[in-house]
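Summary of structural features
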There are 2 protein chains.
Amino acid sequence: MSYNDRAIGIFDSGLGGLTVFKAVRKLLPEENLIYFGDTARVPYGTKSKETVIAFSKEVAAYLLSKDIKLLVVACNTASSLALAEIRGIADVPVIGVIEPGVNEAVGGRAVSAKRVLVIGTTATVNSRAYALALKKKDKRVFSVEKACPMLVPLAEEGWCSGPIAALAVEKYLGPLRRKHFDTVILGCTHYPLLKKTISAALGPGVRVVDSAMAAARSAKAELETAGLLRDPAVERTAGRGKGIGGASNLRQAGKGENEFVVSDAPEKFKALALKLLKIRTGQIMVKRF
Amino acid sequence: MSYNDRAIGIFDSGLGGLTVFKAVRKLLPEENLIYFGDTARVPYGTKSKETVIAFSKEVAAYLLSKDIKLLVVACNTASSLALAEIRGIADVPVIGVIEPGVNEAVGGRAVSAKRVLVIGTTATVNSRAYALALKKKDKRVFSVEKACPMLVPLAEEGWCSGPIAALAVEKYLGPLRRKHFDTVILGCTHYPLLKKTISAALGPGVRVVDSAMAAARSAKAELETAGLLRDPAVERTAGRGKGIGGASNLRQAGKGENEFVVSDAPEKFKALALKLLKIRTGQIMVKRF
């Protein structure tokens, strides 16, 4: 296997990072992907910095041991609190979700935000990672960060629309409408599952930035720049030379493979991935810490 | 220190077990208590049996290393899935919350239930521990178990009353009203925090059994039977004999001491204990696994 055939590692505290997985799969159909959900210790967003760093480093070390070529930290809490520490132990590029989300909101693309609302877990909001990244990008941007802890369990329970989700979102965001934001950053990978409810609460004038697709674009750009994109044609040729097994390589050549690993309850993860994100995971591995 | 001065260990996945702590403190004011909340890995109720057993054994081993005389597993999920495994490593009596709650509901006291609704976490309900314990106690009891996973995050967020809590409880319990239960067992130590909302949803005819007080009564009975109740008078005498330090022993003699240990975020635990349960914890220790 050539270096470029190595997988992209994607990691989240649980299920939410699958929104990033889905975006990467869509943008880079030929890449091999390995997803890790730390379901034994989910959620991260209510825990302390020390604990988030310790858990994140353990998961990152596991994915690095699988010979990945790029690591996407698809968890806003881990990206906010542990990115530097993960980079400290990684010999491959590491992408978080904060910077791509901020780039998507401010500059870069067609519309640039002036008044930004960032919603996330308590740990992400307390870290002030988004506020600092926004300020670094454009000093004139006005931003407010709001912790919405109940939205993760609501998404995990599949209560993404309906009156309970609407009331919870209203309780968090209703009092902020008077600040006339032009953009909201969904600063938690679970929140895209509640996108319609959040958008309805803020009104039609507010652009919703989902960092999942932004992170996927960032991953693609990183691989392009480093010359690390997988070229299925190369593997096809290699497969032919191998004789036995060549036929199977030929069939799989154009499409990347998916691997899913969790630290607990694989059957539950499998069912929720299908129910909430229409992802068919196939067999799921378990790695306990 | 005499053997009877040893502490009672009380353990929960997080905050919920403080309802048991409070009941034990009320019933046994002279006992020394040590409470452990596994806040780095909370919640347990959404996780697999293997993981709940592994975490519970680690916490139990820690409390046993503190030379306790009795261990109260104040977490329904751990009581349902890991009680035998905890007893396997313990050299002191171990009390769970399932059996006391069932004894409170069926027989033993004045009113005996005929039609029981048990509500709890997904893991507790899937274990069928309550159904089996009820059947063992009285074969004629009709029971239904219902998982209400959203009630833990609602309690942790402090949303114990109001329209969101009412709608969530209604969503879980509304369809069950037609079964005409006479008793509901709160099979999760978080649920007493939502007692009024749950009671309102089921109607005034339904008796609410809170296993916290039942578990505390069970702890008292266990210590009485084994002759292990703390006798402050003994320590007072011992204190006098000591000279230096005797005065302080004298002051503290009649009242037991509290010690709180968590695996993460002590400040958050401290604030929530005060806000939700009016417990002043004082300084909290941190033990990481």
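Residues numbered from 1 in each chain as written. Chains lettered and ligands numbered in written order. Predicted model: local features only at pLDDT ≥ 70, side-chain atom pairs only at ≥ 80, totals over all residues. Heavy atoms only, no water.

1. Considering the sheet that holds strand β5 (residues 115-120) of chain A
All names here are of chain A. A sheet is described by the order of its strands in space; here 4 strands give the open sequence β6-β5-β7-β8, paired in parallel fashion. Since the sheet does not close on itself, it has two edges, and those belong to β6 (142-147) and β8 (207-210), each with one partner. The average angle at which neighbouring strand axes cross in this sheet is 20 degrees, direction not considered. As defined by bridge partners, β5 adjoins β6 across 6 bridges and the pair is classed as parallel. When the bridges of β6 are listed, leucine 117 appears paired with valine 144. Packing of helix α10 (residues 211-226) onto the sheet brings it into contact with β7 (183-187) and β8, and relative to β8 it is tilted by some 50 degrees. (Pairing = 2+ DSSP bridges. Helix = DSSP H or I, 4+ residues; strand = E, 2+ residues; numbered from the N terminus. Axes fitted to C-alpha atoms, helices over the stretch in contact; angles between N-to-C directions. Contact = heavy atoms within 4.5 Å.)

2. Describing the environment of valine 42 of chain B
Within the secondary structure layout, valine 42 of chain B lies in the loop between β2 (33-37) and α2 (49-64). Accessibility expressed as a relative area gives 14% for valine 42 of chain B, which makes it buried. Residues valine 42 of chain B and phenylalanine 142 of chain B, 100 residues apart in the sequence, show an inter-C-alpha distance of 32 Å. Setting aside residues up to four positions removed in sequence, valine 42 of chain B forms contacts with Val42, Pro43 and Lys47 of chain A together with Ser13, Gly14 and Lys47 of chain B. (Buried < 20%, exposed > 50% of the residue type's maximum accessible area, 1.4 Å probe, protein only.)

3. Focus: the layout of surface pockets
All names here are of chain B. In this structure, the second largest pocket occupies an estimated 700 Å³ of space. Taken together, 30 residues form the lining of the second largest pocket, with Leu83, Ile98, Glu99, Pro100 and Ala133 sitting closest to its centre. When contributions to the lining of the second largest pocket are tallied by element, the ones reaching two or more residues are α3 (76-89), β4 (94-95), α4 (98-105), α6 (129-137) and α10 (211-226). Counting residues per element, the lining of the second largest pocket draws most heavily on α3, which supplies 8 residues. (1 Å grid on protein atoms, 1.4 Å probe; cavity = no way out; pocket = protein on both sides within 12 Å on 5 of 7 lines; lining within 4 Å. Points joined across faces, edges and corners; volume = space filled by probe spheres on them.)

4. Looking at the relation of the copies chain B and chain A
Expressed as a screw operation, the relation of chain B to chain A combines 0.0 Å of axial shift with a rotation of 180 degrees, fitting to an RMSD of 0.0 Å. The transformation just described matches what one would write down for a two-fold rotation axis. The C-alpha atom lying nearest the rotation axis in chain B is that of arginine 41 of chain B; the distance is 2.5 Å. Comparing interface residues between copies, 100% of those in chain B also sit at the interface in chain A, which points to an isologous, same-surface contact. (Least-squares fit on C-alpha atoms with pLDDT ≥ 70 in both.)

5. Looking at the sheet that holds strand β4 (residues 94-95) of chain A
Adjacent strands of a sheet form backbone hydrogen bonds with each other and so pair up, either parallel or antiparallel. Residues and elements named next belong to chain A. An order of β4-β3-β1-β2-β9-β10 is seen for the 6 strands of this open sheet, with the pairing classed as parallel. This sheet does not close on itself; its edge strands, each paired only once, are β4 and β10 (284-286). Note that strand β9 (residues 258-262) and β10 share 3 bridges and pair parallel. Within β10, the position partnered with valine 262 by the bridge is valine 286. Contacts from helix α13 (residues 266-277) reach β2 (33-37), β9 and β10, with the element oriented near 145 degrees to β10.

6. A short note on the domain arrangement of chain A
Residues and elements named next belong to chain A. Segmentation of chain A into domains returns domain 1 (3-97 + 213-286) and domain 2 (98-210). Using only C-alpha atoms to locate each centre, domain 1 and domain 2 end up separated by 24 Å. Taken together, the contact between domain 1 and domain 2 spans 28 residues of the former and 24 residues of the latter. Carbon and sulfur atoms make up 56% of the surface buried where domain 1 meets domain 2, a total of about 1800 Å² over both sides. Seen at the junction of domain 1 and domain 2, the total is 1 salt bridge. Taken together, the connections running from domain 1 to domain 2 amount to 10 residue pairs in polar contact (both at pLDDT 80 or more). Those elements that place two or more of their residues in the side of domain 1 that touches domain 2 are α1 (18-27), α3 (76-89), α10 and α13. (Domains from an automatic or database assignment. Buried area = accessible area lost by both parts, 1.4 Å probe. Salt bridge = Lys/Arg side-chain N within 4 Å of Asp/Glu carboxyl O. Polar contact = N/O pair within 3.5 Å; in protein donor to acceptor, adjacent residues only side chain to side chain.)

7. Section: helix α13 (residues 266-277) of chain B
All names here are of chain B. Taking 1.5 Å per residue as the helical rise, α13 with its 12 residues ought to reach 16 Å, and the 16 Å between its terminal C-alpha atoms agrees with that figure. The complete set of buried residues in α13 reads Pro266, Phe269, Leu272, Ala273, Leu276 and Leu277. For α13, the angular spread of the buried residues around the axis is 125 degrees, confining them to a single face. Turned more than 90 degrees from where α13 packs its buried face, Glu267 and Lys275 sit exposed. Lining the buried residues of α13 we find α1 (18-27), β2, α7 (151-156), β9 (258-262) and β10 (284-286). Of the residues one or two after α13, lysine 278 is the one with positive phi, at around 55 degrees. (Expected span 1.5 Å × (residues − 1). Arc of directions from axis to C-beta.)

8. Quick word on the interface of chain B and chain A
The figure often quoted for interface size is the accessible area lost as the parts come together. Of the residues lining the interface, 28 residues belong to chain B; the matching set on chain A comes to 28 residues. Counting the surface lost from both chain B and chain A, the interface buries some 2200 Å², and carbon and sulfur atoms represent 66% of this. At the junction of chain B with chain A, the criterion picks out 0 salt bridges. The interface formed by chain B and chain A holds 14 residue pairs in polar contact (both at pLDDT 80 or more) in total. The biggest single contributor to the side of chain B that touches chain A is helix α8 (residues 163-173) of chain B, with 6 residues.

9. Comments concerning the pairing of β8 of chain A
Residue and element names in this part refer to chain A. Summarising the sheet, β7 and β8 pair through 4 bridges and their orientation is parallel. Pairing of threonine 183 across the sheet is with arginine 207, part of β8. In terms of handedness, the path from β7 via helix α9 (residues 195-202) over to β8 forms a crossover that is right-handed. (Right-handed = clockwise from strand over helix to strand, strands pointing away.)

10. Examining the pattern of salt bridges
Side chains that carry opposite charge are capable of pairing whenever their charged atoms lie near each other. This model, assessed by the stated rule, comprises 20 salt bridges over all chains. With its nearest N and O atoms 3.0 Å apart, the salt bridge here joins arginine 41 of chain A to aspartate 38 of chain A. Across this residue pair, the class does not change: arginine 41 of chain A and aspartate 38 of chain A are buried. A salt bridge links arginine 217 of chain B to glutamate 104 of chain B, with the nearest nitrogen and oxygen atoms 2.8 Å apart. Highlighted residues: arginine 217 of chain B in helix α10 and glutamate 104 of chain B in helix α4, separated in sequence by 113 residues. Given the relative accessible area of 30%, arginine 217 of chain B is considered partly exposed. Shared partners join several salt bridges into a network, and the residues in it are Asp38, Arg41 and Glu58 of chain A.

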